[in-house]
Every structure is written in C-alpha cells, then in structure tokens.
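One-letter residues, chain by chain:
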Amino acid sequence: MPTHQDVPETDRPTSSRPAAPRRVAKHRSISRLATRRTQLIGLTAALAAAAGTTAVGLSSSAAGPAAPNAGTGLNPSQAGALTSARIDRRDLGSRDASRIDLSLATAQKAAADKAAKQRAAKLAANATLTQRRALALAAAKAASAKKAADSAKALAAAKKAAIAKAAAIAKAAPKIVLPTTGYHLTARFNQAGGRWAHNHTGLDFAAPMGTPVRSVMAGEVIQADFEGAYGRQVKVRHSDGTVTSYSHMEEFDVSVGDSVQAGSMVGRIGMTGNTTGPHVHFEVLPHGGAPIDPEPWLRDHGLNP
C-alpha cells in the first residue's frame, strides 16, 4: 500500500477547469432563511396556542438540520414560543376570569343593594300604612267617644228637663179636685131613705152618662172591680193613707197598681149596681177604715162641693 504523503500546494497540479465559486454566501443565505422560517413557525405556534391548539407539528425540509422537540415536532425556539404563548394565554384567561368574577360580584352586589332598597321601601310603606291606620283608628275611637259623651250629655239634659217639666206640671197641677164636673148633688152623707139598707155613706154626684170620673188626689189604684150594689168600683189610696172610693161607673180606665194624679180619669158616670140614675157615689175612708162625711173633708182641702 503506498504511503500517503502531503503535497505542498505549490507542488499540486493545477486544474484546467475554472475555480468553483465561493460557498460562503450560500451558507449565509440558508442561515437567514432558516431564521425567518423559525420566526414564522414560532409566530404560527403562538397563534395556534392562542387559538387553543395543543400540538403543533410544523417542519420544513428547507429549514435545515434542526432537531425536533420530543412529542411536538418543534425545535427549542418553536417550543419556547409555544410555551410563551401558552403562558400569555393563561395569564390573559386569568385576567379575563378575574374581570368576569369582578363583574359578576359587582352585578350581584348591585342586585343585593337594589333588593335591600326595595325591602326598605316596602317596610317604610308598611310602617307608614300602619301609622295611618293607627291614626285613623284613634280618630275613630275619639269621635265615637265624643259622640257617646255628647249622647250621654244630651240624654242627661233631656232627663233633667223631663224631671223639671214633671215637677213644674206637678207644682202647677191642683192638689185636689172634685170627682166629676157638670154635676148636682142628689144625696148626702148619713141621709136616710128607702133606697138604702142603712143611712147613706157618701156623696152622690149626678151627671150625664159617660161623664169622666176623676181621682180627687194623687195616689195608687188598689181596687178596680164590680162590687155588688156599688156596681163598678175603683178605690185609690193617697199618700196620707186616706182611701177614696168611686162607685156605679159605666167603665174603668185604670187597673190595680196604676199611679194616678189629681184629676186623672179613673172611669165614667154610669148606672151599674143599685142605683136609680146615672151618678158617682163618692166615699172617703181614712186609712181604709169606716167612711166619713166627704163634704167637710173636701172643704178642709179647699173645695166646696
């Protein structure tokens, strides 16, 4: 085997072909093109990352001998760009989420404030309505109480006036009256005659049928009944215990227990019982006992029959 020997350049034979052009410019052009393609791929990766792509497999045969990144097909520059894009997208997503949370919180707070204001307004309206109702009720009660007081006052005044009127009437009314009007005496006390079984026990006031018969004084009716020979008879007890009797009446106008005044009608002139004509037989019985002569009794009370 021949031994290799270095031959000086001066001793090397020269070729008859022209010298090849320099390759330095071509290498620089390839390097610049690879850099531009790397930037383009990085930009594409960033856009893909922003769009949500998780794997990018871009390569170019003209990119040169760059080694692919495991699992992605990206070189280190492309992987760095993709990572930066993902980080930027994550930060942007976090900011957007924060903005959304803040907007949601603001909206919720505004809604809560609005609801609170509405509740406060409703409570204020209810309170106002309750106050108005309470005032109206109090006014109604006051008006009712005033009306009741006025009514009671008016009733008391009316009662007082009625009492005063009754007192005035009683004062003006006569204390005693004769038992009837338009009469003439037909028989006196202790008069004898064949018309009676005993002497006459009273005064007979003859008058037309139906003439009113009056109580001579105020008192209480203690009898109103048919009494045989006396016919229809009414008896009145007066305040001093004296009893007056009215007999032979056509009808009664009172009942037992009635209160009468001097001049109150107790019946009408009639002919019931033992009688020969229309008249009223009037008797005076002190304390309800035996009868006495009515004429002096009437005169003692200011009347002259």
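Residues numbered from 1 in each chain as written. Predicted model: local features only at pLDDT ≥ 70, side-chain atom pairs only at ≥ 80, totals over all residues. Heavy atoms only, no water.

A. Expanded view of the nonpolar core. Grouped together as the largest cluster of nonpolar side chains are 24 residues, with contacts concentrated most on Y246, F282, W297 and L298. When residues of this core are traced back to their parent elements, those giving at least two are β2 (203-206), β5 (232-238), β6 (243-252), β8 (265-269), β9 (279-285) and α3 (294-300). Tallying contributions element by element places β9 first for this core, with three residues. (Core = buried A, V, L, I, M, F, W, Y, C linked by side-chain atoms within 4.5 Å. Buried < 20%, exposed > 50% of the residue type's maximum accessible area, 1.4 Å probe, protein only. Helix = DSSP H or I, 4+ residues; strand = E, 2+ residues; numbered from the N terminus.)

B. The packing of aromatic side chains, seen in detail. The tally for this structure, following the rule as stated, stands at three aromatic pairs. Here the aromatic rings of Y183 and F205 are separated by 4.9 Å at their centres, their planes lie at 70°, and the arrangement is edge-to-face. In this pair, Y183 is assigned in the loop between α2 (76-172) and β1 (184-187) and F205 in strand β2, connecting sequence segments 22 residues apart. Overall, the relative accessible area of 24% leaves Y183 in the partly exposed class. When the centroid spacing of 5.6 Å and the interplanar angle of 45° are considered together, the rings of Y246 and F282 count as tilted. Of this pair, Y246 sits in strand β6 while F282 sits in strand β9, and the two are 36 residues apart along the sequence. Judged by relative accessible area, which is 0%, F282 ranks as buried. Among the aromatic residues, those joined into a ring-pair cluster are Y183, F205, Y246 and F282. (Phe/Tyr/Trp six-rings, centres within 6.5 Å; stacked < 30°, edge-to-face > 60°.)

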